[in-house]
Each structure stands twice: as C-alpha cells, then as structure tokens.
Amino acid sequence: MVKSVQVPKLLPIKDIQIQEGFWAQRQNTNRNRTIPSIYHQMDITVRLDAWRLDWKPGQPKPHIFWDSDAGKWIQAVAYSLAAHPNPEFEAQVDAVVDLIEKAQQPDGYLNIYYTAVEPENRWRNLRDRHELYDAGHLMEGAVAYYQATGKRELLDVLSRYADHIDRRFGPNEGQKRGYCGHPEVELALVKLYEATGEKRYLNLSKYFVDERGQQPHYFDLEARERGEDPREFWAKTYRYCQAHVPVREQTTAVGHSVRACYLYSGMADIAAHTDDTELADVCRSIWEDLTQHQMYITGGLGPAHSNEGFTFPYDLPNEEAYAETCASVALVGWAQRMFHLDSDRRYIDVVERALYNGVLSGVSFEGSHFFYANPLAAYPNVNPYPTSTSVLTDGHYRRSEWFECACCPPNLARMVASVGQYFYSVKSDTVYVNLYNQNRTNLQVQGSTVQIDEQTNYPWDGDVHFTINTENPTQFKLALRIPGWCRDFNLAVNGKPTSTDLIHGYSVISREWANSDEVTLHLAMPIERIASHPDVRQNAGCIALQHGPIVYCVEEVDNGPQLANIALPRDAQLTAKFDNDLFGGISVITGEAMRLDPRTWPGDLYQPQSALTYPHSPISFKAIPYCFWANRQPGEMRVWIHES
Ligand SMILES: [Zn+2]
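Cut-offs applied
- Residues numbered from 1 in each chain as written.
- Predicted model: local features only at pLDDT ≥ 70, side-chain atom pairs only at ≥ 80, totals over all residues.
- Heavy atoms only, no water.
- Donors = N, O, S within 2.8 Å, 3.2 Å for Na, K, Ca; no water.
- Tetrahedral: all angles 85-135°; square planar, octahedral: opposite > 155°, others 65-115°.
- Buried < 20%, exposed > 50% of the residue type's maximum accessible area, 1.4 Å probe, protein only.
- Phe/Tyr/Trp six-rings, centres within 6.5 Å; stacked < 30°, edge-to-face > 60°.
- Lys NZ or Arg CZ within 6 Å of the ring centre and 35° of its normal.
- Helix = DSSP H or I, 4+ residues; strand = E, 2+ residues; numbered from the N terminus.
- Contact = heavy atoms within 4.5 Å.
- Pairing = 2+ DSSP bridges.
- Arc of directions from axis to C-beta.
- Salt bridge = Lys/Arg side-chain N within 4 Å of Asp/Glu carboxyl O.
- Axes fitted to C-alpha atoms, helices over the stretch in contact; angles between N-to-C directions.
- Parallel < 35°, antiparallel > 145°, perpendicular 65-115°, else oblique.
- Left-handed = near helix turned anticlockwise from the far one by under 90°.
- Nonpolar A, V, L, I, M, F, W, Y, C, P; charged D, E, K, R; others polar.
- Expected span 1.5 Å × (residues − 1).
- Polar contact = N/O pair within 3.5 Å; in protein donor to acceptor, adjacent residues only side chain to side chain.
- 1 Å grid on protein atoms, 1.4 Å probe; cavity = no way out; pocket = protein on both sides within 12 Å on 5 of 7 lines; lining within 4 Å.
- Points joined across faces, edges and corners; volume = space filled by probe spheres on them.

### Regarding the coordination of the zinc ion
The protein atoms donating to the zinc ion are E324 (OE), C326 (SG), C407 (SG) and C408 (SG), with metal-donor distances spanning 2.0 to 2.3 Å. Because the angles between the four donor atoms bound to the zinc ion fall within 95 to 119 degrees, the donor set is best described as tetrahedral. Considered as a linear motif, the donors of the zinc ion on their single chain read E-x1-C-x80-C-C. Both residues of the pair, C407 and C408, count as buried.

Written out as structure tokens, the structure is:
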C-alpha cells in the first residue's frame, strides 16, 4: 500500500467559458465538424457496431484497438458537452455506452477483439496486443463522461473492469506479473482513482509502473509461454516500449514516442500522488533529455516512422519527420503533470509550443481531415510514411479523412475540447495563469469563488487584460506566466505600473483582491528568427520564424515552387500583419527574401562553382502559421528557411 497526497486537479471544464478568441474558433470547428466526422467514420467502419460482439469467422476482424477509438471519442464528446450541452452528442454516446455495458463479460472483462474473436487468448500477449491500453482509454472516457453528465453507467462498467484487472495482475500467487506494451492504463487508473476514490486503482497503476522492465522479463516469459522465441520480437528491443530496464533506471526518452509520453505521464502522476521524489527525479531527467535533444520546434516528437519514435539526440529531419499527432497530444498531457510537480514555466512553454503547432497541424482548418505524421517540410512526390498513415493527392502530402489505425483524430479532438483545462492551475494560495486566451472562469481559491474575465487577441498580440471579480476581498497570489519566448514585458494593476518578482517564470502579484480589480499584461512579441543547436545537422544554415508561440512556415501557394532556393538575408525587414480574410483572421509574416532562379542554371547537373554567377533576385515572401499549412492549393512547404 502506498501513501497518497493531495494533488492539484485540472479545473472542471464547465467552469471555463471560452466564447471568443483563438481557441473558441478551434473549439467551434472541433464541435461542429471534427467530432461529428469522427463519429461518422467510426460508424461506417463498424467500430461502434463491433461492440455487439457478433463477429463471425470469415468476416473482417475487428482491430485490436478499436476499443480505444471509442474511449477517446467518448472523452472528446464529454469535454465538449461539459461546456456546450448537446442532446444529439449525448444520445450517440448513451447508445454506445449501452453496447459497451452489454459487452462486459460476467467476470468484468471488456474487450471487443478478445471476446468476439480469440476468447481463448485473453492476456496472453501483453507486449503487442493492447488489451490494457484499450482499457485505459475506456477508463478515461468513462471518467470524462461521468464528470460532464453525472451519468455513472460507464464509470461503473470500467470500475468493474479495473477490479477484474486488479485481480488478474499483481505479485501474488495466481496473478500475472505483466504490464502493457503500450502504456496508457497507468495514467487512466490514476484518473479512475481520482474519480472514484478507490485507492486500489492507484496502487495498481504504481504496480504497472514499477514492474516495467524488471527481470526475468515478463515479455520474454509470455513469449515462451506462447511457444515463441522472444528474440523474434519484431521491434527487436524493449526500448521500443520503454521496458528495456526498470523505469527508475531510465534517464532518456526512448522508443515509440506516444507510448513514452503516456508512460511518463503515468509516472508523473504516481510521483505526485505518492510523493515519490525518486520517480519525480526520473521524470525530470527524461524531460530534460526529450526537450533539449529530441523535440521539434513544433512540439513534434519522434522523427522515425520505423519505430514511430525517438532515434538519437539532435536527429530531427524535416521532410521525414514522423512527429505523430498523438505524440504532441501526449506531450501536452505529460508537460501539464510535470507542472503539477514543479510549478515551473518551462513545462507550460512546451504545452504551448505543442498545442499551437504540432497538435493543431494534425487537423485541417475546416475540421474533418487529419495528419497522422506532421513533417516540417514537404515536397511533391516525397512521402516517407507508410500508406496506412498518409495520403498523397496529386503527388502532394495531404490530410486524410480517416486512418485504418485511427488513433490521432479522436486524440486531437479530446485535446482541443479540453484545452481550457490548461489555462489555469490553482495551488493553495496561488492562481497560475498558464495560457492566454479570452475566457471567463470561476475558480475556488482560499475558500472563495473568484471569477477571472480575460480579454486578449493572443496569440496574435501580447496584450492581455484581466478583470478579477470576487464576492469578498480575497488575499491570494496571481501568477502570470511570462512565456520563454518573451524577453520584455510590463504589468499594471488598476492602471498603476507594477513590478513583481519573477518566480520560476511567473510574475507573481500578491494582494488582497477586491471586486473589479484590473490587471493589464503586455508581453512584447517581436518576430523572432530561431536558430537550432548546431548539432541538428538538418537545420544547418537555416532559421525558423516564430511570432509569440506560433511557428511559421512558407508554402508554395504564397511563394512559388522550389522553396529550398529561397534565402532570407540576415538584415531582411520582417513584418507581422493581421489578415482578416485568411483562416478566420491570423497574423502573417511578410518580407523580402532572395531567390535563386533554377532556370538560369547553365546545363549539367554539376558545375564548377567558379563558373556560376548565382543570379539571386529579390522576392516578396509570405509565411503563415505552420498549423494551418496544407489547407489551400497543394504544394511545397518549409519551416526551416535558408539564411543568407
Ligand atoms: Zn496517433
């Protein structure tokens, strides 16, 4: 039995109203287009009907992780319902919950594939077959749906399933000592514990975390039990699933990047809930490695499609970047948990980097097409990905309506629907303002209800205005995040310039707040040319443009083809201007660059450099936010631009 401590919770979504601004637009699209299109795709691919368990030999088999698609879709709908009640959404979920409830076996077991197709093989291949992963996503869906609607049916179903898993796994005689090849159930069991108060779920999560990578290796044992040679594991190494050594001996981010960030999230949860400083230090070490050596400027993770994951430090190719949408979603979740451990801005900087860039690029502006892989450069006829995760249209890499392995669309939908939960965090006497967007939020601090009304055009400019409303004068600290990209800021309280201490990246105002107190924050937001560490060989001689938290890219539709021939002089004047007509209103960056015209090339493929005159000509160029690329005419794209 482990001791448990109080951990700050994410704010209830219903208490955060996002009516206008950047995230209101994205949430409207998510609600009106993305979530309905995910439901439609799940319906026509029989992912929902599969819960009837009426598969017959000879028919196409349900996929082993269809359960998780349903779990994530339910979670996305639940978060959406919490802020925007919608009887149609609720009826759709209720119908599926009914099917899920009927699919539960008398002993509590719940899985489409292993009930309908291979009932004799339950729990026999934890390394590859995702049963516990599926359970985890259903648990997350159940908790979110209960919190949004108060309906307990699914929560009770998943609690019975968690009880079944708790009986089946553990160190005692007759139990399996295993854990899932694809982490997820660890963080989900913590959510189930938080929702039900049932401490066995927290203990079970800790068991899965600590059992991982122990010797004799469980994946070896179960492979031999199946009559297989463990050395024939297709991925060849248990680094793929972060089970190469016990988690407390791990110091770097390895393997499949989504699995990694789900595991690290579960570890951070256990560290926080059990006050486990050793495990927290492990998380910090891995965090440092991941964010300093293995993260794209977009918050994308995992350059390689071969393992859908990490390779080696500073290996960040652009055209081939896998950078799965799910990995950026998972990174946001882990970063938020690290913030709960350390209350440091650098974690929220990564939340922001991933949300505005690597997460949002995963969905089209209109909301019903998705990227699985998120490259940072695109060229015609270049597609380094398997066809199951990509689509080329007329030779161009474009978003797809759906994937056979459909992990990314509902993952993105649940993240966008829940983004308000990342705006604030309350810890004892401090209200942390982590992300900026228009909103009106009710918070409980120091026993009082405090309403914060925030007005801003962020991320397009850095002016943020808060009105604090309190029933009674209340003493608390308001901690405003000064983002890592911001090098100059100023602050006023009730119109009076105020200077404050900067604590772990937060400007902290401590006072007794009265009704209608006002705070104005100005974050200087110049266009920045970002360079990457010299060891990132793919970016040598290049810079990226960033404005506030937004990473920009150039596209062929604005700049013509052969973007590799464009170079940005070091002294080029760059201007950010708001374009009301593009993507609902965004800032674009314009300026003058130089272009080498390949039509002036004198002939053969290779030429002595001394014979060339390099006729560069000046061109006007335009860059748009990376997250909105591939929404207009197909063509090339680059984030990293040559500098001259
Ligand atoms: Zn995915």
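### Section: the packing of aromatic side chains
Counting across every chain of the model gives 40 aromatic pairs. A network of ring pairs unites the aromatic residues F22, W23, Y356, Y436, Y458, W460, F466, W485 and F578 as a single cluster. A cation over a ring is seen here: R152 above Y146, with NZ or CZ 5.3 Å from the ring centre. One cation-aromatic arrangement involves K427 over F339; the distance from NZ or CZ to the ring centre is 4.8 Å.

### Observations regarding the environment of D558
Topologically, D558 is positioned in helix α15 (residues 556-559). As a C-alpha pair, D558 and R632 span 74 residues in sequence and 9.9 Å in three-dimensional space. When neighbours within four sequence positions are excluded, D558 is seen to be in contact with K622, I624 and R632.

### Describing the sheet that holds strand β9 (residues 463-470)
An order of β1-β7-β8-β9-β15-β11-β12 is seen for the seven strands of this open sheet, with the pairing classed as antiparallel. In the strand order of this sheet, the two ends are held by β1 (16-17) and β12 (496-497), each with one partner. For strand β7 (residues 439-445) and strand β8 (residues 448-456), the ladder comprises seven bridges, and the chain directions are antiparallel. Across the sheet, residue T441 finds its bridge partner in β8, namely I452.

### Brief notes about helix α9 (residues 218-225)
Every buried residue belonging to α9 is among Y218, F219, E222 and A223, and all of these are buried. What you see down the axis of α9 is that its buried residues fit within an arc of 130 degrees, all on one side. Projecting away from the buried face of α9 at angles above 90 degrees are the exposed residues R224 and E225. Where α9 terminates, the next one or two residues include G227, which has phi positive at roughly 80 degrees.

### What about the pattern of salt bridges?
In the structure shown here, the tally under the stated rule is 43 salt bridges. We note a salt bridge from E118 to R129, for which the minimum N-O separation is 3.9 Å. Of this pair, E118 sits in the loop between α4 (112-116) and α5 (131-149) while R129 sits in the loop between α4 and α5, placing them 11 residues apart in sequence. Since its relative accessible area comes to 18%, E118 is described here as buried. Judged by relative accessible area, R129 falls into the partly exposed class, the value being 23%. For E198, the salt bridge identified is with R200, shortest N-O distance 3.3 Å. A residue is classified by how much of its surface remains accessible, and E198, at 29% relative accessible area, is partly exposed. Taking the relative accessible area as the measure of exposure, R200 reaches 33% and is therefore partly exposed. In this structure, a network of salt bridges that share partners links the residues K206, D210, R248, D276 and E278.

### Some details on the packing of helix α11 (residues 277-293) against helix α13 (residues 345-359)
Between α11 and α13, whose axes approach to 13 Å, the crossing angle comes to 45 degrees. Classed by the angle they form, the pair α11 and α13 counts as oblique. Considering only the axes of α11 and α13, their crossing is left-handed. On the side of α11, the interface is formed by R284, W287, E288 and T291, while α13 contributes R346, Y347 and V350. Considered class by class, the residues forming the contact of α11 with α13 number three nonpolar, one polar and three charged.

### Looking at α11
Between the first and last C-alpha of α11 there are 24 Å, a value that for 17 residues agrees with the 24 Å anticipated at 1.5 Å per step. Among all positions in α11, only L279, A280, V282, C283, I286, W287, D289, L290 and T291 are buried. Of the surrounding secondary structure, the elements contacted by the buried residues of α11 are α8 (199-211), α10 (257-274), α12 (325-342) and α13. Two or three places before E278, at the start of α11, stands the capping residue D276, its side-chain oxygen 3.3 Å from that residue's backbone nitrogen.

### Section: the pairing of β9
Two strands pair when backbone bridges link them, and β8 and β9 are joined in this way by seven bridges, in the antiparallel orientation. Its bridge partner being in β9, T456 is matched across the sheet by V464. Where β8 folds back on β9, the antiparallel hairpin that results is connected by six residues. Note that β9 and strand β15 (residues 517-523) share six bridges and pair antiparallel. Within the sheet, the bridge partner assigned to F466 lies in β15 and is V519.

### Some details on unusual backbone geometry
Here the amide bond leading from Q215 into P216 is cis, since omega sits at -10 degrees, within 30 degrees of zero. Of note, the amide linkage connecting Y458 to P459 takes the cis form, showing an omega dihedral of 10 degrees. Phi is positive for H130, close to 65 degrees, though the residue is something other than glycine. Position of H130 relative to the elements: it lies in the loop between α4 and α5.

### Here we look at the pairing of strand β14 (residues 506-513)
Inspection of the sheet shows strand β10 (residues 474-481) paired to β14 by eight bridges, in the antiparallel sense. In the strand pairing of β14, A479 is matched with V508. For strand β13 (residues 502-503) and β14, the ladder comprises two bridges, and the chain directions are antiparallel. Note on β14: the bridge partner recorded for I503 is Y506. The antiparallel pairing of β13 with β14 creates a hairpin that spans two residues between the two strands, and H504 there sits at a positive phi of about 50 degrees.

### Focus: empty space enclosed by the protein
With the rule as written, the count across this model stands at two cavities of 30 Å³ or more. In this model, the largest cavity occupies a volume close to 50 Å³. Every residue lining the largest cavity is listed: R26, T29, N30, T34, L360, V363, S364, L412 and V416. Every element with two or more residues in the lining of the largest cavity is listed here: α1 (22-44) and α14 (408-417). A per-element tally of the lining of the largest cavity places α1 first, with four residues. Here the residues of the lining of the largest cavity are counted per class, giving four nonpolar, four polar and one charged. For the second largest cavity, the full set of lining residues is E319, P375, A377, A378, V382, N383, P384, Y385 and Y397.

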